[in-house]
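# Descriptive structure summary
The residues making up each chain are set out below.
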Amino acid sequence: MPILTLKPGREKSILQRHPWIFSGAVADVKGEPESGETVEILSARGQWLARAAYSPVSNIRARIWSWDEDETIGEEFFYKKVKDAVETRRELKDLSGLTAYRLVHAESDGLPGVTADRYADFLVVQFLTAGAEHWRETIVCAFLEVTGIRNIYERSDVDVRQLEGLGVRSGVLFGDRPPEQLEIIENGLRFWVDLCNGQKTGFYLDQRNNRKRVRELMSGKRLLNCFCYTGAFSVSALAGSALKTTSIDSSRNALALAEKNVALNGLPAERAHWEEADVFRAMRALRDRAETFDAVILDPPKFAPTIAQAEKAARAYKDINLLAFKLLRPGGLLFTFSCSGGISMELFQKIVADAALDAGVNACVLERLFQGADHPVALNFPEGAYLKGLICQKH
Ligand code: SAH
C-alpha cells in the first residue's frame, strides 16, 4: 500500500484522532497513490498512525478512515460504519415520527465526505471527497443492505468537490427517480421537498429543533424571515399562531414551494407574505420605510465555507444583523444563524455584538442554538459543529 510520511512533530493531531492531514504536514508520499486510494500514514520516525484516503489536489491531503492497524478499508469496513450510524440514530427518541433526517454525517460518523439524508422512502447521498468518491459503489451497497431503503439518489452537485479535483454529479443510483415533490413530516408539520433540484439534498434538516423553538415563541407576533428558502421557519411560525410572516428569498422556485407548504398545512395564506428579493437590499428598503417587526430570523447561506473567507463573511453577517436590530421593536427577538464552518460560535457572537453596538441598541443572548442531533459532532472533530445560532432580545 502507498505510504504517506509526516514531517517531524506533525503526528500530534492524528494521535488525538483528528481525521484531517493537511498538505503542509506531509514530508513524503511513496507508491504514487491515485485520487481516493487508501494510504498508510507514518510518523517521521516511521511509526504507523492511521489508514487514510489520499487526495492529491486538496489542501486536506488525506482524511483518515481508521486508526486501527488491523482494520482493512473495504466492504466490511463501510458496512460497519453505515450500520453504526443508523443504529446510533435509532436511540434518538426525538427522531421517531419524523420522515426526514440525516443518517450519515461525514467525519462525525467516521465517514469523511459521505452524507446521507433520509426522506421517507428515498435516500439522498453526497460524496464530497476523493476518498468517498473512490468507494462510492461499495458505500451505496452498504446503504442498500443496512437501511432497507430501495431508492437512492445522488446529489454530489456541490462546489466543494472542486477542492478535491472532482466534478459535479447527480442522478439515480438505485431504484426510482424521486417525484418532483415529495412530502415529508417534521415536528408534526408537512413540507413539500424537491430532492432533485432543491438546495443541498432538498431541505435544511439541520434546523429542525430551531424551527420548533420559533413555533413556541411566535404567538401573536409579526415575523420577518430572511433567507426563507421553502418557508419552513414561516410555516412553523404560522403554526405557532404568528400574526403575520414576511419572508424573503432570492430563489423563485423556493418561494413557490413555500407558498404551497402553507396551504399543505391548512394555515392562513393571507398571513403569509412572500418577497422575491436580495435580502441585503430588501432589509435596507424596510429600514428606509421605518417598518418594525416583533421577530426577525436570519438564516443566510454559508458566507465562509472555510476559515480563509472568514473576514469577508464577518462583514456580511454584521451587515444583516445590524439591519435586523434596527428593524426590531424594543423587546423583539432576533434568531440569527451562521452555517459557516469557518466561523466559530465565539466569533459569531462577537460579530452580532458588534452589529448591536453599531446599531446603537442593547441586546441580550437568551439562547444558543445548534444543529440537530442527527447531525452530531464527534468530539475529535469540533469542525463538525457548523451551525450556530443565537436568540437575542433587543432592549
Ligand atoms: N431558513 C431556510 C434555509 C435557508 S438557506 C430553511 O429553514 O429552510 C439560504 C437561502 O438563502 C436559500 O434559499 C437561498 O436561495 C437564499 N439566498 C442566498 N443569498 C440570498 C440573498 N442575497 N438574498 C436573498 N436570498 C438569498
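Residues numbered from 1 in each chain as written. Predicted model: local features only at pLDDT ≥ 70, side-chain atom pairs only at ≥ 80, totals over all residues. Heavy atoms only, no water.

Here we take up the side chain of Arg208. By the element assignment, Arg208 lies in helix H5 (residues 208–217). Among the polar contacts listed, one links the side chain of Arg208 to the side chain of Asp374, at a separation of 2.8 Å. With near-sequence residues (within four places) excluded, Arg208 lies in contact with Leu95, Leu98, Ala100, Tyr101, Glu186, Asn187 and Asp374. (Helix = DSSP H or I, 4+ residues; strand = E, 2+ residues; numbered from the N terminus. Polar contact = N/O pair within 3.5 Å; in protein donor to acceptor, adjacent residues only side chain to side chain. Contact = heavy atoms within 4.5 Å.)

A few words on the site of the ligand. Around the ligand, the surrounding shell holds 15 residues, and the nearest of these are Arg211, Asp249, Asp278, Val279 and Asp299. Residue Gln199 places a side-chain N or O atom 3.0 Å away from an oxygen atom belonging to the ligand. The side chain of Arg211 places a nitrogen or oxygen atom 3.0 Å from an oxygen atom of the ligand. Considering the ligand on its own, with 580 Å² of exposed area, one finds that the protein chains cover 90% of that surface. Residue composition of the shell around the ligand, grouped by class: eight nonpolar, three polar and four charged. (Near = heavy atom within 4 Å. Areas by Shrake-Rupley, 256 points an atom, 1.4 Å probe, with all protein chains shown as cover. Nonpolar A, V, L, I, M, F, W, Y, C, P; charged D, E, K, R; others polar.)

On to the layout of surface pockets. Quantified by volume, the second largest pocket comes out at close to 250 Å³. Along its surface, the second largest pocket is lined by 15 residues, and Asp194, Gly198, Asn253, Ala254 and Leu257 are the ones closest to its centre. A per-class count over the lining of the second largest pocket returns four nonpolar, eight polar and three charged. (1 Å grid on protein atoms, 1.4 Å probe; cavity = no way out; pocket = protein on both sides within 12 Å on 5 of 7 lines; lining within 4 Å. Points joined across faces, edges and corners; volume = space filled by probe spheres on them.)

Moving on to the domain arrangement of the chain. When cut into domains, the chain gives domain 1 (3–66), domain 2 (75–174) and domain 3 (204–394). Placing the centre of domain 1 and that of domain 2 at their C-alpha centroids yields a distance of 24 Å. The interface of domain 1 with domain 2 comprises 16 residues on the first partner and 16 residues on the second. Of the roughly 1,100 Å² buried where domain 1 meets domain 2, counting both sides, 61% is carbon and sulfur surface. Joining domain 1 to domain 2, the criterion identifies two salt bridges. Measuring nitrogen to oxygen at the nearest pair gives 3.0 Å for the salt bridge that ties Glu164 to Arg63. Breaking the side of domain 1 that touches domain 2 down by element, the ones donating at least two residues are strand E5 (48–54) and strand E6 (60–66). With five residues, the top contributor of residues to the side of domain 1 that touches domain 2 is E6. Tallied by class, residues from the side of domain 1 that touches domain 2 come to eight nonpolar, six polar and two charged. (Domains from an automatic or database assignment. Buried area = accessible area lost by both parts, 1.4 Å probe. Salt bridge = Lys/Arg side-chain N within 4 Å of Asp/Glu carboxyl O.)

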